[in-house]
Amino acid sequence: TTSHPAVMKGLFKSKPRTPVDIVRQTRDLLIYVGRSADSRDAKREEKMADLFKHIRELKCILYGNSESEPVSEACQQLTQEFFRENTLRLLITCLPKLNLEARKDATQVVANLQRQQVNSRLIASDYLEANIDLMDVLIAGYENTDMALHYGAMLRECIRHQTVARYVLESQHMKKFFDYIQLPNFDIAADAAATFKELLTRHKSTVAEFLSRNYDWFFAEYNSKLLESSNYITRRQAVKLLGDILLDRSNSAVMTRYVSSRDNLRILMNLLRESSKSIQIEAFHVFKLFAANQNKPPDIVSILVANKSKLLRLFADFKTDKEDEQFEADKAQVVKEIASLEP
């Protein structure tokens, strides 16, 4: 007797694919897309559509969807397979060939994978250490309008790992950020500024070491390109970040050095005189460090003495928009310090 067709069909029903299968199939598709020319033939179109679908599936496993939360077992399997081979490298190098939706999905996948633990280890960190040149690709993305925001978001997630942040800080790329922050495209400039801030604030010991070793060129660039920029937003962000850096306890040696320079004092006094309230307030938080320094070099004292009456007049009607006790206390302290200076 011939068996019922439906039964036969049941025997050949495809098994549900595991997270490992999906990563492997994604890898194969990325290899295909990477190799094939940007032709418009039907086979390639079909493979591209398939790839977009796979990247979307990876995202659904990692983030869950409207019906279900992510399953940690599936996330671990996916992560392990993803970093077992060169899938991340393929995804980053193929990103320009994907459509906008797939690029967004891929960026979210890469971001999520940086935080996934396998046997309580962040295996993305080990992978990136072994493939650190991928950071060169991501950073260079700032020079490509179409890729900048995707690569920038990936980059910020990768520098959550201290070894990766150290590599970027110590690389020749750090100098480029002073230009990226001022790119004419506002969104890209803002993204670069966010990455720059993250690099200079997240990993305290690494940052302190970087600033001590690179003090001269770094602050020369910081002062001339950012604090003295003709762009209001650049100046505002730069003086705020400078305050965050110098007021961080781990950077105390760098702070002492910064507030001993008359050039730095001159720049901060110019920022104090700006018409923008927010720049004035941020500049004050750095200026107070010059005033509070108990070992002021003679040339700093003489500048403060020469400008004593101007400074006291400025601080007399210097207020924040909302009541701020700490600010008022700091201001009183600064006024006291300056009033008591003798030539």
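You'll find the structure just up there.
Residues numbered from 1 in each chain as written. Predicted model: local features only at pLDDT ≥ 70, side-chain atom pairs only at ≥ 80, totals over all residues. Heavy atoms only, no water.

Points about the overall build of the protein chain
Inference 1: The helix and strand inventory of the protein chain stands at 21 helices and two strands.
Inference 2: In terms of overall dimensions, the protein chain is more spread out than a globule: its C-alpha atoms have a radius of gyration of 27 Å, far above the 20 Å expected for 343 residues.
Inference 3: Over its C-alpha atoms, taken along the principal directions, the protein chain stretches across nearly 110 × 40 × 35 Å.
Inference 4: Residue pairs at least 24 apart in sequence account for 70% of intrachain contacts in the protein chain once pairs closer than 6 positions are excluded.
Inference 5: When the accessible surface of the protein chain is split by element, carbon and sulfur atoms take 52% of a total near 17900 Å².
Inference 6: Counting 49 positive and 46 negative side-chain charges, the protein chain places the centres of these two groups 0 Å from one another. (Helix = DSSP H or I, 4+ residues; strand = E, 2+ residues; numbered from the N terminus. Rg over C-alpha atoms; globule rule 2.2 N^0.38 Å. Contact = heavy atoms within 4.5 Å. Areas by Shrake-Rupley, 256 points an atom, 1.4 Å probe, with all protein chains shown as cover. Lys, Arg positive; Asp, Glu negative; His and termini not counted. Charge placed at Lys NZ, Arg CZ, Asp CG, Glu CD.)

Quick word on the side chain of Arg 27
Inference 1: Structurally, the position occupied by Arg 27 is in helix H2 (residues 19-35).
Inference 2: For Arg 27, a relative accessible area of 6% puts it in the buried group.
Inference 3: Among all residues touching Arg 27, those that are not within four sequence positions of it are Glu 81, Arg 84, Glu 85, Asn 86, Thr 87 and Leu 90. (Buried < 20%, exposed > 50% of the residue type's maximum accessible area, 1.4 Å probe, protein only.)

Observations regarding the layout of surface pockets
Inference 1: Approximately 220 Å³ is the volume attributed to the largest pocket.
Inference 2: Lining the largest pocket, in full, are Arg 266, Met 269, Asn 270, Leu 272, Arg 273, Ile 303, Asn 307, Lys 310, Leu 311 and Leu 314.
Inference 3: If you list the elements that add at least two residues to the lining of the largest pocket, you get helix H17 (262-272) and helix H20 (308-316).
Inference 4: Considering each element in turn, the lining of the largest pocket owes the most residues, four residues, to H17.
Inference 5: Of the residues contributing to the lining of the largest pocket, the split by class is five nonpolar, two polar and three charged. (1 Å grid on protein atoms, 1.4 Å probe; cavity = no way out; pocket = protein on both sides within 12 Å on 5 of 7 lines; lining within 4 Å. Points joined across faces, edges and corners; volume = space filled by probe spheres on them. Nonpolar A, V, L, I, M, F, W, Y, C, P; charged D, E, K, R; others polar.)

Side note on the environment of Arg 115
Inference 1: Positionally, Arg 115 belongs in the loop between helix H6 (100-113) and strand E1 (117-118).
Inference 2: Along the backbone, Arg 115 and Tyr 127 are twelve residues apart, and their C-alpha atoms lie at a distance of 13 Å.
Inference 3: In this view, Arg 115 contacts Leu 122, Glu 157 and Arg 160; residues no more than four positions away in its chain are not counted.
Inference 4: Side-chain polar atoms of Arg 115 contact the side chain of Glu 157, separated by 3.0 Å. (Polar contact = N/O pair within 3.5 Å; in protein donor to acceptor, adjacent residues only side chain to side chain.)

Some thoughts on a nonpolar patch on the surface
Inference 1: Together, Phe 186, Tyr 232 and Ile 233 give the surface a local cluster of nonpolar side chains, amounting to about 280 Å² of exposed area.
Inference 2: Of note, Phe 186 is situated in helix H12 (residues 186-201).
Inference 3: Taking the relative accessible area as the measure of exposure, Phe 186 reaches 54% and is therefore exposed. (Patch = residues over 30% accessible without salt bridge, like charges linked within 9 Å, V, L, I, M, F, W, Y side chains within 5 Å. Salt bridge = Lys/Arg side-chain N within 4 Å of Asp/Glu carboxyl O.)

Thoughts on empty space enclosed by the protein
Once rolled over the atoms, a probe with the size of a water molecule shows which space is left empty.
Inference 1: Following the criterion strictly, the structure yields one cavity of 30 Å³ or more and no others.
Inference 2: Looking at the largest cavity, its volume works out to about 50 Å³.
Inference 3: Lining the largest cavity we find Leu 200, Thr 201, Lys 204, Val 207, Asp 244, Ile 245, Asp 248, Ser 250 and Asn 251.
Inference 4: Going through the elements one at a time, H12, helix H13 (204-213) and helix H15 (232-246) are the ones with two or more residues in the lining of the largest cavity.
Inference 5: Among the residues making up the lining of the largest cavity, the classes are represented as three nonpolar, three polar and three charged.

What about the environment of Lys 277?
Inference 1: The residue Lys 277 is located in helix H18 (residues 277-292) in this model.
Inference 2: In sequence terms Lys 277 and Thr 320 are 43 residues apart; their C-alpha atoms lie 8.1 Å from each other.
Inference 3: Ignoring anything within four residues of it in the chain, the contact list for Lys 277 reads Lys 319 and Asp 321.

Considerations on the packing of aromatic side chains
Inference 1: In this structure the tally under the stated criterion is 26 aromatic pairs.
Inference 2: For the ring pair Phe 83 and Tyr 127, a centre distance of 5.3 Å and an interplane angle of 45° mean the geometry is tilted. Taken together, the positions of Phe 83 in helix H4 (residues 72-84) and Tyr 127 in helix H7 (residues 123-130) put the pair 44 residues apart, joining distant regions of the chain. Per residue, the accessibility class of Phe 83 equals that of Tyr 127, and both read buried.
Inference 3: When the ring centre of Tyr 32 is taken as origin, the NZ or CZ atom of Lys 47, which lies over that ring, is 5.1 Å away.
Inference 4: Geometry around Trp 217 places Lys 175 over its ring, the cationic atom sitting 4.1 Å from the centre. (Phe/Tyr/Trp six-rings, centres within 6.5 Å; stacked < 30°, edge-to-face > 60°. Lys NZ or Arg CZ within 6 Å of the ring centre and 35° of its normal.)

Regarding the packing of helix H14 (residues 215-227) against H17
Inference 1: At a minimum axis separation of 12 Å, H14 and H17 run at an interaxial angle of 25°. Accordingly, the angle class assigned to the pair H14 and H17 is roughly parallel. For H14 against H17, the interelement crossing comes out left-handed. Along the contact surface, H14 presents Tyr 215, Asn 223 and Leu 227, while H17 presents Asn 264, Ile 267 and Leu 271.
Inference 2: Class assignment of the residues belonging to the contact of H14 with H17 gives a composition of four nonpolar, two polar and no charged. (Axes fitted to C-alpha atoms, helices over the stretch in contact; angles between N-to-C directions. Parallel < 35°, antiparallel > 145°, perpendicular 65-115°, else oblique. Left-handed = near helix turned anticlockwise from the far one by under 90°.)

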